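Chains, contacts and geometry: an overview
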Amino acid sequence: MSDEGLGFEHMGLDPRLLQAVTDLGWSRPTLIQEKAIPLALEGKDLLARARTGSGKTAAYAIPMLQLLLHRKATGPVVEQAVRGLVLVPTKELAKQAQSMIQQLVAYCSRDIRVADVSAAEDAAAQRTVLVEKPDIVVGTPSRILSHLQQDNLKLRDSLELLVVDEADLLFSFGFEEELKNLLCHLPRIYQAFLMSATFNEDVQALKELVLHNPVILKLQESQLPGPDQLQQFQVVCETEEDKFLLLYALLKLSLIQGKSLLFVNTLERSYRLRLFLEQFSIPACVLNGELPLRSRCHIIAQFNQGLYDCVIATDAEVLGNPFKGKRRGRGAKGDRASDPEAGVARGIDFHQVSLVLNFDLPPTPEAYIHRAGRTARANNPGIVLTFVLPTEQAHLGKIEEQLSGENGAPVLLPYQFQMEEIEGFRYRCRDAMRSVTKQGIREARLKEVKEELLRSEKLKTYFEDNPRDLQLLRHDLPLHPAIVKPQLGHVPDYLVPPTLRGVIHPHKKRKKPSSSHRKVKKGKTQNPLRSFKHQGQKLRPAKNPS
Ligand code: AMP
């Protein structure tokens with residue numbers, strides 16, 4: 001974000017868009033918005049490298065809306081038609097993009113209608129929506145192509161603006177063929193924006209296919225925000241058990257403030273962790289690609305509203321094993337999600353995440369970056385805490401190599417916990433770890449999928465009619481209540497590390513992040529790990545060695 005750059009109010013935007021931007025609390029455009037919006041308004045095609053969290057959705061949505069509004073207000077009266085198309089690689093991203101656009105058209109929703117047609121299960125309802133010819137359609141290439149082939153959607157005579165978001169992922173998700181077929185249904189001339197986190201060969205190929213003489217925006221942004229906004233730490237855990245012990249202590253002693261995303265490497269591990277935390281009455285949700293889309297979106301929405309403090313996610317199937325071009329043949333093997341469009345980590349906008357905790361070391365540097373990108377978004381501060389086993393340190397070194405700045409300064413600072421202070425918790429931790437068996441995990445996983453399917457289908461109409469009741473539907477209730485020992489939910493005083501006595505109150509309910517958290521300015525970061533505040537305590541990060 002630049003200090004002296006062009007503000008939204010100087011971009012010649014429709015007052016209704018400006019009002020929506022104000023309501024969203026955006027005081028200044030982000031760097032990508034500042035550069036992309038004026039160029040897009042001039043009618044240029046754009047190829048923009050933008051990391052998630054950079055504000056890229058609004059960078060294409062604002063000019064798209066401005067152009068459509070301008071056309072409606074000043075152009076000749078023409079038939080209602082679909083004039084904007086946004087292609088995204090996953091259903092969650094489609095929902096997110098649609099919701100962002102919807103917020104931006106809050107004051108002109110009669111003039112501009114937006115439809116998300118990404119959920120395969122809603123094909124019939126989508127047909128009805130498409131009959132109305134919404135101004136903007138958002139969807140995955142496969143769903144859009146399917147509607148084009150069935151003549152539910154016609155773009156050849158009307159499309160004016162095409163957006164390809166997360167372009168690099170579209171190819172690695174195996175959408176290449178669909179994308180090429182889809183392009184045959186578009187007119188010869190349209191304006192196009194291609195947004196991508198990386199500029200790889202696939203993006204080059206896509207550039208040739210959809211862009212005409214584009215302006216290329218390779219903004220001088222590092223892959224992650226700087227240390228004044230994003231603090232990154234590593235904790236060396238001697239054993240697997242230590243990882244569970246440390247997490248248990250951090251959460252139970254309320255040393256983590258705000259919302260956290262816990263990343264593990266497999267779905268099995270997600271449920272292991274969830275059932276483990278459940279033993280201590282620490283609620284957490286698992287974001288699982290096997291769950292119906294409605295449930296996944298509901299979990300993200302509730303997390304964003306502050307209903308949950310902890311969400312456990314995995315990115316293994318998306319980021320660890322790119323399955324280029326093999327989407328069709330990919331079954332629900334092992335821990336891979338059965339739904340290839342069910343991307344969770346990449347691009348999804350989790351709001352106000354204070355902490356990303358790599359409970360398992362990310363499989364690749366890219367996975368690290370994408371996980372870390374879930375926090376410190378827009379102007380908010382954030383922390384990434386990575387647990388590492390001694391045997392994994394070489395691997396972490398490789399990740400660090402990719403992250404370190406030009407001066408080679410270490411990026412992941414050591415966070416030295418005094419493990420002996422939480423030794424008292426070990427017995428309980430072991431007990432809880434033993435209670436979580438493979439069989440228990442299988443059952444819990446199955447139970448949750450079954451329950452969520454039931455909710456998703458049977459209760460759909462009910463919740464459509466009674467949206468308030470949807471708030472009461474929680475996804476973090478115990479999966480295995482029979483084996484939860486209520487006494488483990490309490491932390492007796494003697495277990496609280498001496499240095500923390502009187503400072504922390506483990507049984508106090510954690511507060512929702514206050515609105516002030518949202519307004520924290522860059523450079524004035526609030527530290528979500530509460531222990532950081534107590535510099536006299538032992539549970540605190542080591543000083544930056546550099
Ligand atoms: P995106 O990169 O599009 O996923 O956006 C990341 C987050 O930044 C979203 O929560 C947006 O609401 C937020 N955002 C977008 N533009 C701005 C802005 N100009 N100022 C503050 N927040 C923004």
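The structure contained in this document is the topic of the report that follows. (Residues numbered from 1 in each chain as written. Predicted model: local features only at pLDDT ≥ 70, side-chain atom pairs only at ≥ 80, totals over all residues. Heavy atoms only, no water.)

Digging into the overall build of the protein chain
- From N to C terminus, the protein chain includes 20 helices and 14 strands.
- Residues counted as buried form 56% of the 546 residues belonging to the protein chain.
- Excluding contacts between residues fewer than 6 apart, the proportion of contacts in the protein chain whose partners are at least 24 apart in sequence is 79%.
- Looking at the protein chain as shown, the accessible area adds up to about 23,900 Å², and 52% of this sits on carbon and sulfur atoms. (Helix = DSSP H or I, 4+ residues; strand = E, 2+ residues; numbered from the N terminus. Buried < 20%, exposed > 50% of the residue type's maximum accessible area, 1.4 Å probe, protein only. Contact = heavy atoms within 4.5 Å. Areas by Shrake-Rupley, 256 points an atom, 1.4 Å probe, with all protein chains shown as cover.)

Describing empty space enclosed by the protein
- Inspection of every chain in the model, using the stated rule, returns two cavities of 30 Å³ or more.
- Roughly 30 Å³ of volume is contained in the second largest cavity.
- Looking at the second largest cavity, the residues that line it are A36, A40, L46, A59, Y60, P63, F193 and M195.
- Of all the elements in the fold, those that place two or more residues in the lining of the second largest cavity are α2 (31-41), α3 (56-74) and β6 (191-196).
- A per-element tally of the lining of the second largest cavity places α3 first, with three residues.
- Here the residues of the lining of the second largest cavity sort into eight nonpolar, no polar and no charged. (1 Å grid on protein atoms, 1.4 Å probe; cavity = no way out; pocket = protein on both sides within 12 Å on 5 of 7 lines; lining within 4 Å. Points joined across faces, edges and corners; volume = space filled by probe spheres on them. Nonpolar A, V, L, I, M, F, W, Y, C, P; charged D, E, K, R; others polar.)

Considering the sheet that holds strand β7 (residues 215-218)
- Read across the sheet, seven strands follow the order β3-β4-β2-β5-β6-β1-β7 without closing on themselves; strand pairing throughout is parallel. Two strands bound the open sheet, and with one partner strand each, they are β3 (114-116) and β7. Averaged over all adjacent pairs, the angle separating strand axes in this sheet is 10°, with direction ignored.
- Pairing of strand β5 (residues 161-164) with β6 involves four bridges; the strand directions are parallel. Bridge pairing in β6 links V164 to L194. (Pairing = 2+ DSSP bridges. Axes fitted to C-alpha atoms, helices over the stretch in contact; angles between N-to-C directions.)

Some words on the packing of helix α1 (residues 15-23) against α3
- Running from amino to carboxyl end, α1 crosses α3 at an angle of 150°, the nearest separation of the two axes being 10 Å. Regarding the angle of α1 to α3, the classification is roughly antiparallel. Note on element contacts: α3 touches α1 through I62, L65, Q66 and L69, opposite R16, L17 and V21.
- Residues that form the contact of α1 with α3 fall into these classes: five nonpolar, one polar and one charged. (Parallel < 35°, antiparallel > 145°, perpendicular 65-115°, else oblique.)

Some words on the packing of helix α14 (residues 365-372) against helix α15 (residues 393-403)
- Remark: α14 packs on α15, axes separated minimally by 9 Å, with the N-to-C direction vectors making an angle of 65°. As judged from the angle between their axes, α14 and α15 are roughly perpendicular. As α14 packs across α15, the resulting crossing turns out to be right-handed. Judged by residue contacts, P365, E366, Y368 and I369 of α14 engage K398, I399, Q402 and L403 from α15.
- Taken together, the residues that form the contact of α14 with α15 break down as five nonpolar, one polar and two charged. (Left-handed = near helix turned anticlockwise from the far one by under 90°.)

A word on the packing of aromatic side chains
- Counting across every chain of the model gives eight aromatic pairs.
- Their ring planes at 80° and their centres at 4.9 Å tell us that F244 and F276 sit as a pair that is edge-to-face. Taken together, the positions of F244 in helix α10 (residues 240-252) and F276 in helix α11 (residues 267-279) put the pair 32 residues apart, joining distant regions of the chain. Comparing F244 with F276, the two get one shared label, buried.
- An angle of 75° between the planes, with centres 5.3 Å apart, marks the rings of F276 and F280 as edge-to-face. Pair check on accessibility: F276 and F280 agree, each one buried.
- A network of ring pairs unites the aromatic residues F244, Y248, F276, F280, F359, F387 and F425 as a single cluster.
- One Lys or Arg, R49, reaches over the ring of F199 and ends 5.7 Å from the middle of that ring. (Phe/Tyr/Trp six-rings, centres within 6.5 Å; stacked < 30°, edge-to-face > 60°. Lys NZ or Arg CZ within 6 Å of the ring centre and 35° of its normal.)

Some remarks on unusual backbone geometry
- Positive phi, close to 50°, is recorded for N213, a residue that is not glycine.
- Of note, N213 is situated in the loop between α9 (201-210) and β7.

Notes on the pairing of β5
- The side-chain alternation of β5 yields two buried faces, one formed by L161 and V163 and the other by L162 and V164.
- Across four bridges, the pairing between strand β2 (residues 84-87) and β5 is parallel. Counterpart to V86 in the pairing with β5 is V163.

Structural notes on α14
- Of all eight residues in α14, seven are buried, a share of seventy percent or more.
- Looking at α14, one finds that the buried residues are P365, A367, Y368, I369, H370, R371 and A372.
- The distance from a side-chain oxygen at the start of α14 to the backbone nitrogen of A367 is 3.0 Å, and the residue carrying that oxygen is T364. (Polar contact = N/O pair within 3.5 Å; in protein donor to acceptor, adjacent residues only side chain to side chain.)

Observations concerning the sheet that holds strand β13 (residues 382-388)
- The strand order across the open sheet built from seven strands is β10-β11-β9-β12-β13-β8-β14, with neighbouring strands paired in parallel fashion. The open sheet terminates on both sides in strands that have one partner only, identified here as β10 (285-287) and β14 (413-414).

A word on the side chain of D360
- With respect to the secondary-structure elements, D360 resides in the loop between β12 (353-358) and α14.
- At 2.9 Å, the side chain of D360 forms a polar contact with the backbone nitrogen of N265.
- Among residues more than four places away in sequence, those in contact with D360 are K243, F263, V264, N265, R269 and R371.

Remarks on the environment of A313
- The residue A313 is located in strand β11 (residues 310-314) in this model.
- Of the residues examined, A313 reaches a relative accessible area of 1% and is grouped as buried.

Some remarks on α11
- Helix length check: α11, at 13 residues, gives a terminal C-alpha distance of 19 Å against a target of 18 Å (1.5 Å per residue), a fit within 8%.
- Counting buried positions over the 13 residues of α11 gives 12, a clear majority of the element.
- If you check which residues of α11 are buried, you get L267, R269, S270, Y271, R272, L273, R274, L275, F276, L277, E278 and Q279.
- Backbone geometry just after α11 places S281 at a positive phi near 55°. (Expected span 1.5 Å × (residues − 1).)

Focus: the pattern of salt bridges
- In total, this model carries 22 salt bridges according to the counting rule given.
- Between K243 and E240 there is a salt bridge whose closest N-O contact spans 3.3 Å. Of this pair, K243 and E240 both sit in helix α10, three residues apart, which is roughly one turn of that helix.
- Given a relative accessible area of 28%, E240 falls into the partly exposed group.
- Put simply, E240 and R269 hold a salt bridge, and the shortest N to O gap is 2.9 Å. With a gap of 29 residues between them, E240 in helix α10 and R269 in helix α11 connect regions that are remote in the sequence. (Salt bridge = Lys/Arg side-chain N within 4 Å of Asp/Glu carboxyl O.)

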